[in-house]
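# Architecture and fold: a report
Listed below, chain by chain, are the residues.
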Amino acid sequence: MKKGVMRPGHVQLRVMDIEEALKHYRDLLGLIEMDRDDQGRVYLKGWTEVDKFSVVLRQSDSPGMDFMAFKCLDENTLDNLRSGLIEYGCEVTDVPAGDLKDCGRRVQFNTPSGHCFELFATKKQTGKWGVENINPEAWPRGLKGMKALRFDHCLIYGPDIVASTKIFCEVLGFDIAEQVIEPDGTAISHFISISTKAHDIAFIEHPEPGKLHHCSFLLETWEDVLRAADLISMHDVSIDIGPTRHGLTHGKTIYFFDPSGNRTEVFCGGDYHYPDHPTVTWQTEALGKAIFYHDRVLNERFLTVLT
């Protein structure tokens with residue numbers, strides 16, 4: 001049963017040099033720089049996103065993810081979900097409006113995987129960048145790099161993903177769209193969705209808590225993914241794997257690294273999910289094909305390099 005969470009809202013990433021990071025996220029990925037604040041954080045968005053920002057970069061001495069947030073339908077929904085989290089046994093932290101620039105109050109909670117998540121309902125809307133709401137053109141002039149459409153999802157690593165997934169499904173209304181299971185039935189990954197997307201957040205079982213595998217951004221076509229690969233080579237950016245296709249979600253994808261070591265994905269296509277769809281299950285003996293459908297062989301770096 002859906003409970004009023006609409007979509008991913010934003011992610012705050014730690015980077016070790018803001019200006020170098022902007023060469024990656026703004027100039028290469030093509031996100032739009034929207035603002036900066038007095039803490040030195042930089043706010044960016046994909047050109048199709050109507051909210052003011054979806055990515056926040058914070059300078060730090062180590063890379064990784066501070067938190068990922070989901071947008072709720074309205075402030076009453078936020079209150080109801082806050083109560084639901086507390087009743088479920090989660091500790092919540094209330095973050096006042098304005099802590100993130102032009103964003104309303106946020107409710108933070110932690111999962112057993114060691115990650116911080118947020119819920120919010122209010123954020124300034126600036127509209128799609130360079131495209132009007134009346135008689136809109138197909139796309140804006142002046143886009144850079146890969147021309148990323150939107151921030152799409154994160155994949156994170158940590159312990160006790162079953163308990164973490166239960167919070168999202170039982171309290172927030174997510175569905176398990178796909179999973180990977182061991183022969184004894186133990187789940188080692190959950191791909192969960194609050195929308196019609198293949199996933200909005202994914203958990204991978206891992207002994208060390210609080211780890212980020214990647215943040216993902218949507219492109220429009222396979223040709224755009226191939227062009228992204230060209231740009232990665234043209235700019236001598238560190239590449240992980242691809243272009244290729246996943247078995248899980250069937251998205252067409254490429255992975256590469258920002259200057260701080262955070263992994264980035266750009267992708268197109270993939271499956272869709274509705275609440276009446278059964279969970280798609282991959283068995284661990286098919287894991288190679290599940291992750292890299294063409295090669296059918298696991299890339300050790302893909303499985304072990306985390307921030």
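What you are looking at is a predicted structure, and each value in this text was computed from that prediction instead of being measured.

About the thresholds
- Residues numbered from 1 in each chain as written.
- Predicted model: local features only at pLDDT ≥ 70, side-chain atom pairs only at ≥ 80, totals over all residues.
- Heavy atoms only, no water.
- Pairing = 2+ DSSP bridges.
- Helix = DSSP H or I, 4+ residues; strand = E, 2+ residues; numbered from the N terminus.
- Axes fitted to C-alpha atoms, helices over the stretch in contact; angles between N-to-C directions.
- Salt bridge = Lys/Arg side-chain N within 4 Å of Asp/Glu carboxyl O.
- Buried < 20%, exposed > 50% of the residue type's maximum accessible area, 1.4 Å probe, protein only.
- Core = buried A, V, L, I, M, F, W, Y, C linked by side-chain atoms within 4.5 Å.
- Contact = heavy atoms within 4.5 Å.
- Phe/Tyr/Trp six-rings, centres within 6.5 Å; stacked < 30°, edge-to-face > 60°.
- Lys NZ or Arg CZ within 6 Å of the ring centre and 35° of its normal.
- Disulfide = S-S within 2.5 Å.
- Parallel < 35°, antiparallel > 145°, perpendicular 65-115°, else oblique.
- Left-handed = near helix turned anticlockwise from the far one by under 90°.

### Focus: the sheet that holds strand 7 (residues 106–110)
- Pairing is mixed across the open sheet formed by 8 strands, whose spatial order is 2-3-4-1-5-8-7-6. Looking at which strands have only one partner, the edges of the open sheet turn out to be strand 2 (32–36) and strand 6 (92–95). Between one strand and the next, the sheet's axes are offset by a mean angle of 25 degrees, whatever the strand orientation.
- Two elements, strand 1 (residues 5–15) and strand 4 (residues 55–59), share 5 bridges in a ladder whose sense is parallel. The residue of strand 4 that forms the bridge with V11 is V55.

### Looking at the pattern of salt bridges
- Counting across every chain of the model gives 24 salt bridges.
- Close ionic contact of R105 with D79 constitutes a salt bridge, the shortest N to O distance being 2.8 Å. Placement of the pair is R105 in the loop between strand 6 and strand 7 and D79 in helix 2 (residues 75–88), with a sequence separation of 26 residues.
- The class for R105 is partly exposed, based on a relative accessible area of 27%.
- Taking the relative accessible area as the measure of exposure, D79 reaches 34% and is therefore partly exposed.
- Each of the salt bridges in this network shares a partner with another, and the network as a whole consists of E19, R26, D27, E33, R36 and K144.

### Some points on the nonpolar core
- Among the nonpolar cores identified, the biggest contains 57 residues, and L57, L119, M146, C154, F168, L172 and I201 are the most heavily contacted of them.
- If near-sequence neighbours (up to four positions away) are discounted, L172 is found in contact with K3, V5, L81, L85, F109, L119, I167 and I194.
- One finds L155, F191, I291 and F292 within the second-largest nonpolar core, a separate group that totals 16 residues.

### Regarding the packing of aromatic side chains
- For the structure shown, the criterion picks out 13 aromatic pairs.
- Taking the centre distance of 5.9 Å and the plane angle of 75 degrees together, the rings of F70 and F168 count as edge-to-face. Residue F70 is located in strand 5 (residues 64–72), and its partner F168 is located in helix 3 (residues 161–171); the two are separated by 98 residues in the primary sequence.
- Here the aromatic residues F70, F109, F117, F168, F174 and F203 are joined through ring pairs into a cluster of three or more.
- Seen from the ring of F53, K123 lies directly overhead, with NZ or CZ sitting 3.9 Å from the centre.

### Some remarks on the sheet that holds strand 17 (residues 280–283)
- In space, the 9 strands of this open sheet follow the order 14-15-16-13-9-12-11-10-17, with mixed pairing throughout. One side of each edge strand has no neighbouring strand; the edge strands of this open sheet are strand 14 (239–245) and strand 17. Here the strands of the sheet are splayed against their neighbours by 15 degrees on average, with no regard to which way each runs.
- Where strand 9 (residues 150–158) lies against strand 12 (residues 201–205), 5 bridges are found, and the strand directions are parallel. By the bridge assignment for strand 12, C154 is matched with I201.
- Strand contacts of helix 4 (residues 222–234): strand 14, strand 15 (252–257) and strand 16 (263–268), with the helix running at about 20 degrees to strand 15, the strand carrying the most contacts.

### Considering the state of the cysteines
- Counted according to the given criterion, the structure contains 0 disulfides.
- You can see C116 has no disulfide; the closest cysteine sulfur is in C90, sitting 12 Å from it.
- Considering cysteine sulfurs only, C215 is the nearest to C268, which forms no disulfide, with 19 Å between them.

### A look at the pairing of strand 16
- Counting buried positions over the 6 residues of strand 16 gives 6, a clear majority of the element.
- Neither face of strand 16 is left uncovered, since the one carrying R263, E265 and F267 and the one carrying T264, V266 and C268 both have all their residues buried.
- Two strands pair when backbone bridges link them, and strand 13 (residues 211–218) and strand 16 are joined in this way by 4 bridges, in the parallel orientation. In the strand pairing of strand 16, C215 is matched with T264.
- Of the pairings in the sheet, the one linking strand 15 to strand 16 comprises 6 bridges and is antiparallel in character. What sits directly across from I254, in strand 16, is V266.
- Hairpin remark: strand 15 followed by strand 16, antiparallel, with 5 residues in the connecting loop; positive phi at G261, about 105 degrees.

### Considerations on the packing of helix 2 against helix 3
- Look at helix 2 against helix 3: their axes get within 10 Å of each other, and the N-to-C directions meet at 135 degrees. Accordingly, the angle class assigned to the pair helix 2 and helix 3 is oblique. Considering how the two elements wind past one another, helix 2 and helix 3 form a crossing that is right-handed. Touching L81, G84, L85 and Y88 of helix 2 are K166, I167, E170 and V171, all from helix 3.

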